[in-house]
Amino acid sequence: GSSSGIGLESALLLARNGYITYATMRSPEKDTSIKTAVQKEGLPIRVVQLDVTDDNSVKNAVDHIISEAGRIDVLVNNAGYGLGGALEDLSMEEIKYQYETNLFGLIRVTQAVLPTMRKQRSGRILNLSSGAGIFGYPGGSAYVSTKFAVEGLSESIAYELEPFGIKVILIEPGFIRTNFTNAMAVAKKAQDPTSPYSELMQKMMASASELAKNASDAELVANIILDAASNPNPRLRYLAGKDVESWAAGKKKMDELEFFNMIKGLTT
């Protein structure tokens, strides 16, 4: 997911720090940002087509990278999008596609690189989770549940892969100044003003817009990704942003009802 936002900034920063970087994206023909930077700075970036929802696309991309580079040292699973809407307003098709991208796509790419990393007996897998992987919020059931799944998956495979010298790392951003919020999909039924959840969603979207005004820059997350990729002893989890640090601290300090009421306050 290197065409914009965190993926773009991370690809550029890794390349500027000496990593031969394969910037994968669904539609490379639409990309200009990375190609311009490569030409200007002479960065070691190769753009490769990869659609995380397509088995053949994942296999072809990983096979190409291994045949050209001979190894894979770091995988950054960044592809994903947000889906907004109360659960009752979400269609099964909308939920399935959210999971296909945010969770099953991450699994596909991870499974594709693991044989190479095991043979090397080294590697880093950096999974982009979210503050939404730590706590839920109204209107986010589909997105939040994919990120909770990424958290559990990552924690579990960290045990499985540690004997092979492979480290698994979770990056948990808060609000980041990218086009993520603008590009968020809203369930079809959730856009209907007669939905019983219409007022709730309007308040939640207004709160999100307000919180986004103090969002961190994508460079903050890119720097954390670089540190996690290169640190000899990386942590399992890295929070990324003052907002998510505050929420995570609140969840630890507060009892469940206090935290529930705090999040509920976003819609009142």
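Everything numeric here is computed off the predicted structure, so don't read it as measured data. (Residues numbered from 1 in each chain as written. Predicted model: local features only at pLDDT ≥ 70, side-chain atom pairs only at ≥ 80, totals over all residues. Heavy atoms only, no water.)

A. Representation of the pattern of salt bridges. Summed over the entire model, instances satisfying the criterion amount to 12 salt bridges. E100 is the partner of R108 in a salt bridge, and the nearest nitrogen-oxygen pair spans 2.4 Å. With relative accessibility at 22%, the residue E100 sits in the partly exposed group. Overlapping salt bridges bring together E151, E155, E172 and R237 as one network. (Salt bridge = Lys/Arg side-chain N within 4 Å of Asp/Glu carboxyl O. Buried < 20%, exposed > 50% of the residue type's maximum accessible area, 1.4 Å probe, protein only.)

B. Structural context of the nonpolar core. Counting 20 residues, the largest nonpolar core has M117, I125 and L161 as its most contacted members. Listing elements by their share of this core, those giving two or more residues are α3 (55–69), α4 (92–120), α5 (141–161) and β6 (166–173). Not counting chain neighbours up to four residues away, the residues in contact with I125 comprise L75, N77, T110, L114, M117, L161, I166, K167, V168 and I169. Of all hydrophobic cores here, the second largest spans 18 residues; its members include L128, A222, L226 and A228. (Core = buried A, V, L, I, M, F, W, Y, C linked by side-chain atoms within 4.5 Å. Helix = DSSP H or I, 4+ residues; strand = E, 2+ residues; numbered from the N terminus. Contact = heavy atoms within 4.5 Å.)

C. Geometry of α5. For α5, which comprises 21 residues, the first-to-last C-alpha distance of 30 Å matches the rise-based estimate of 30 Å (1.5 Å per residue) to within 8%. Looking only at α5, the buried set comprises A142, Y143, V144, T146, K147, V150, E151, S154, I157, A158 and L161. Summarising the contacts, the buried residues of α5 are in contact with β4 (83–84), α4, β5 (123–128), β6 and β10 (237–240). (Expected span 1.5 Å × (residues − 1).)

D. A look at the packing of helix α1 (residues 5–16) against helix α2 (residues 33–41). Where α1 meets α2, the closest approach of the two axes is 11 Å, and the angle between their N-to-C directions is 20°. Regarding the angle of α1 to α2, the classification is roughly parallel. Judged by the twist between their axes, the crossing of α1 over α2 is right-handed. Of the residues in α2, those touching α1 at L8, A11, L12 and R16 are S33, I34, A37 and E41. By residue class, the composition of the contact of α1 with α2 is 5 nonpolar, 1 polar and 2 charged. (Axes fitted to C-alpha atoms, helices over the stretch in contact; angles between N-to-C directions. Parallel < 35°, antiparallel > 145°, perpendicular 65-115°, else oblique. Left-handed = near helix turned anticlockwise from the far one by under 90°. Nonpolar A, V, L, I, M, F, W, Y, C, P; charged D, E, K, R; others polar.)

E. Looking closely at the sheet that holds β5. Strand order in the open sheet formed by 4 strands is β3-β5-β6-β10, and the pairing between neighbours is parallel. Strands with a single pairing partner mark the edges of an open sheet, and in this sheet they are β3 (74–77) and β10. Each adjacent strand pair in this sheet contributes to an overall mean axis angle of 20°, direction not counted. In this sheet, β6 lies alongside β5 in parallel orientation, the contact comprising 6 bridges. Residue I125 lies in a different strand from β6, and its bridge partner there is V168. Where α5 meets the sheet, its contacts fall on β5, β6 and β10, and the angle it forms with β6 comes to roughly 160°. (Pairing = 2+ DSSP bridges.)

F. Local environment of the packing of aromatic side chains. Counted by the stated rule, this structure contains 5 aromatic pairs. Centre to centre, the rings of Y81 and Y97 are 6.0 Å apart; their planes meet at 40°, and the pair counts as tilted. Highlighted residues: Y81 in the loop between β3 and β4 and Y97 in helix α4, separated in sequence by 16 residues. With a centroid separation of 5.6 Å and an interplanar angle of 70°, the aromatic rings of F135 and F259 are classed as edge-to-face. Linking F135 in the loop between β5 and α5 with F259 in helix α9 (residues 256–264), this pair joins segments that are 124 residues apart in sequence. (Phe/Tyr/Trp six-rings, centres within 6.5 Å; stacked < 30°, edge-to-face > 60°.)

Structural measurements only, silent on function.
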